[in-house]
Number of protein chains: 2
Amino acid sequence: MDIREKFDRLGVDNAPGQESLQKDVDLPIRGPKLEGEPVDFSHGDVNAHEPTPGSFEVFAAGVREGAAQAYTPYRGRARILEDVARKLSAFAGAAIDPAENLILTPGTQGALFLAMGSSVMPGDKVAVVEPDYFANRKMVEFFGGEMIPIPMRYENETDRSGIDLAALEAAFAAGARLFLFSNPNNPTGCVYSRDEIVGIASMAKRYGAALIVDELYSRQIYPGVSYTHLCAQEEAPENMVTIIGPSKTESLSGYRLGAAFGSAEIIGRMEKLQAIMSLRCSGYNQAVFATWFCEPEGWMEARVAEHRRIRDDLLAVIAGIEGVSARPSDGGSYLFVNLPELTVSLHTFVRILRERAGVIVTPGTEFGPQFLHSFRINFSQDHDKAVAAMKRIFEVMEWYRA
Amino acid sequence: MDIREKFDRLGVDNAPGQESLQKDVDLPIRGPKLEGEPVDFSHGDVNAHEPTPGSFEVFAAGVREGAAQAYTPYRGRARILEDVARKLSAFAGAAIDPAENLILTPGTQGALFLAMGSSVMPGDKVAVVEPDYFANRKMVEFFGGEMIPIPMRYENETDRSGIDLAALEAAFAAGARLFLFSNPNNPTGCVYSRDEIVGIASMAKRYGAALIVDELYSRQIYPGVSYTHLCAQEEAPENMVTIIGPSKTESLSGYRLGAAFGSAEIIGRMEKLQAIMSLRCSGYNQAVFATWFCEPEGWMEARVAEHRRIRDDLLAVIAGIEGVSARPSDGGSYLFVNLPELTVSLHTFVRILRERAGVIVTPGTEFGPQFLHSFRINFSQDHDKAVAAMKRIFEVMEWYRA
């Protein structure tokens, strides 16, 4: 394989945020342009749900402080590492030594990339859930790993993700030495049950496998759902890293802040990789971590409640439509919507939606090649615009129902 | 090779900025602690040479703008790409289509990593100058390439770098398909002559090799020195990328901003890699590119003049000391200082300097394993503190002269 072939397998044309670069030609249009405010469901709207109060002010103070904040060791500034370690230890129930077990990264994507680059050698078998975050599979490809897909039958489940633990055990038995998954799951929003988490942890330990657990959305869990941090379980294996950051619920994505905590050995490798990747999480931006887990009283509860209301009202739109379904998300801001058979391909439908309805959604194939009848939305949007956009989606869909 | 062995080759203990994490034990101390203000020569001091005027204000405006600045396509926001392409085209004399030939990255380190990751497959031969930026060799290692060192006999040259072009041709003839170098050179500050640049360009073209040219310090060229942008030469090969950013002369390092421009094919691969590495250069931070190449009248000239004065006064300190030498830098803020034989190893000497003199320098071995009698300083410091620190370095050195 040469470098061109390698990168041909890493498409970004349909990736979230890239849609504005697409050229729409020869779309089989069957109806009028629908009026309404455009909505980009490929990511959250930080105008509708603003960044954590005080985040800009602590950034500004970091700039004023100057050199000490501009240049930090690769893992991050010592006093910020100490603060974040204390807060994440309390949140996740894990013991985090700020000097050994934590690294600050350019976004949670940076944390994932560093964790994968520090764990995968060419030819390594890596178990990956389907559906799961689209970059997971691309990272396995990039680092030359061999992916073993683990099915997750999320659709008719409640109180669990529906991950196929027997398939995971078979993957470990077949030599997979790394398992990577997001919880809450991206794109479905389902949360793993305690039994599932303990099952994954003890199986990884038994087979000597490493775990990368993406908990990006774990602060946004809806009432009645029980969330289990794998890192806090006594069954947790030594070789594991948990990934988290304030880009989603906290709307701090514009600052590109992420964190990874876990095994000193893996974090040590991640530091070495960060040294050649980006040197550090942007120095001034690191100051913004001060606001994380220190939001004003009631702010986080209100934010979760707002998102639950949007979720429920979008699910109500879906409920009225023949052949369309979505499992209510247990946490996070995603819905993974299943469509009936259409007369156009999923990718064509997604482009028509953008052109006719002013709505951007992410095709299911970004989360696994088999998801040809699904799309993902991030519903961290203005409530009314999102509901109206959801209705337009299905108005357009009816033009193409098979 | 397993992942532990791979990362054992990527040490960061002596890398610039990491020194505060070192534990100094059993140093063979031979004199008193020297009084004086501590100076960290491992990187520039953005308190002594402040960020470009207006940089914080455009950042703040980006935050106020909200979603449109927080989330951008992976390459960067369209209007910022257009502005940066126009400015870099004028600066470097190359035609840069903002939609095809440019990507904004998390620092210039990010640009280098993306360029290398988009060019090197395991087993590929890569030609790298010695001495040159320490991360270059580590990136070749990380991506599984095989390094072919190209000597640069910079010491007794003027008006040229002293690169061994015959060795470079031999490397291309032996199968190297990529050559990577910094100009001005890091750590020596020497600038490649026009003949050297044209020689490299035409040789790369003849052998079908790709080039990555790191021009990070190319805006800080001292009077009387002629600088040649390889990308603007008619001999330039199709497969090349130029790397640059505002972290050095402009003191914007705390924002982590970088840019790469060149071949549409390589930039396209870099976009795909950035999608899984960090998604984008931090959204709000991208706004700061507006100040780049738009500094107030006379600001850049004054900044270059200040640095030239510091360089000259440090060279004057060196000139008085038996067995110590440094080639005057043609551009940038580095001096690569050669030491006489000492009774302690270079790494021990560097640690003693930190402990006794309050001075941090970077050992020559970070730039090539053979540089056992050299250290690098970044002299973008307060003038008086830097001169005093330089004197302390040699006061300590005398204790260990062989």
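Residues numbered from 1 in each chain as written. Chains lettered and ligands numbered in written order. Predicted model: local features only at pLDDT ≥ 70, side-chain atom pairs only at ≥ 80, totals over all residues. Heavy atoms only, no water.

Draft legend 1. Structural view of the pattern of salt bridges. The final tally for this structure, using the stated rule, is 38 salt bridges over all chains. Between A:Lys33 and A:Glu355 there is a salt bridge, with the nearest N and O atoms lying 3.4 Å from each other. Note that A:Lys33 is positioned in the loop between α1 (3-8) and β1 (39-40) and A:Glu355 in helix α12 (residues 346-357), a separation of 322 residues in sequence. By relative accessible area, A:Glu355 is classed as partly exposed at 23%. A salt bridge links B:Glu271 to B:Arg75; the shortest N-O distance between them is 3.3 Å. On the criterion of sequence distance, the pair formed by B:Glu271 in helix α9 (residues 264-277) and B:Arg75 in the loop between α3 (67-70) and α4 (78-92) is long-range, its members being 196 residues apart. B:Glu271 sits in the buried class, given a relative accessible area of 8%. (Salt bridge = Lys/Arg side-chain N within 4 Å of Asp/Glu carboxyl O. Helix = DSSP H or I, 4+ residues; strand = E, 2+ residues; numbered from the N terminus. Buried < 20%, exposed > 50% of the residue type's maximum accessible area, 1.4 Å probe, protein only.)

Draft legend 2. Representation of the sheet that holds strand β10 (residues 334-338) of chain B in the model. All names here are of chain B. Reading across the sheet, the 4 strands line up as β9-β10-β13-β12 and stay open at both edges, with antiparallel pairing between neighbours. Each end of this open sheet is capped by a strand with a single partner; those strands are β9 (325-326) and β12 (362-363). In this sheet, strand β13 (residues 374-378) lies alongside β10 in antiparallel orientation, the contact comprising 5 bridges. Bridge pairing links Val 337 to Phe 375 in β13. Each of β9, β10 and β13 touches helix α11 (residues 299-319); the most contacted strand, β10, lies at about 5 degrees to it. (Pairing = 2+ DSSP bridges. Contact = heavy atoms within 4.5 Å. Axes fitted to C-alpha atoms, helices over the stretch in contact; angles between N-to-C directions.)

Draft legend 3. Inspection of the nonpolar core at higher detail. Ranked by size, the top nonpolar core spans 195 residues in total, and within it A:Phe179 and B:Phe179 carry the most contacts. Ignoring sequence-local partners within four residues, the contact set of B:Phe179 consists of B:Ala127, B:Val128, B:Val129, B:Ile150, B:Ile163, B:Leu168, B:Phe172, B:Ile200, B:Ala210, B:Leu211 and B:Ile212. (Core = buried A, V, L, I, M, F, W, Y, C linked by side-chain atoms within 4.5 Å.)

Draft legend 4. Main features of the sheet that holds strand β5 (residues 178-182) of chain A. Residues and elements named next belong to chain A. Spatial strand order, β2-β8-β7-β6-β5-β3-β4: 7 strands in an open sheet with mixed pairing. Either end of the sheet is taken by a strand with one partner, and the two such strands are β2 (102-106) and β4 (146-151). Averaged over all adjacent pairs, the angle separating strand axes in this sheet is 20 degrees, with direction ignored. Packing against the sheet, helix α4 (residues 78-92) makes contact with β2, β7 (240-244) and β8 (257-262), and its axis sits at approximately 105 degrees to β2. Sitting on the sheet, helix α6 (residues 134-142) touches β3 (125-130), β4 and β5, and the angle it makes with β3 is about 165 degrees.

Draft legend 5. Summary view of the interface of chain A and chain B. Listed per partner, the contact involves 69 residues of chain A and 69 residues of chain B. Interface of chain A and chain B: buried area, both sides summed, is about 5,800 Å²; carbon and sulfur atoms make up 65% of it. The three residues of chain A that bury the most area against chain B are A:Tyr71, A:Lys272 and A:Ile276, which together make up 13% of that side's buried surface. For the pair chain A and chain B, the interface holds 2 salt bridges. Note that A:Glu265 is salt-bridged to B:Arg4, the shortest N-O span being 2.5 Å. (Buried area = accessible area lost by both parts, 1.4 Å probe.)

Scope: geometric values only; no functional claims are made or implied.
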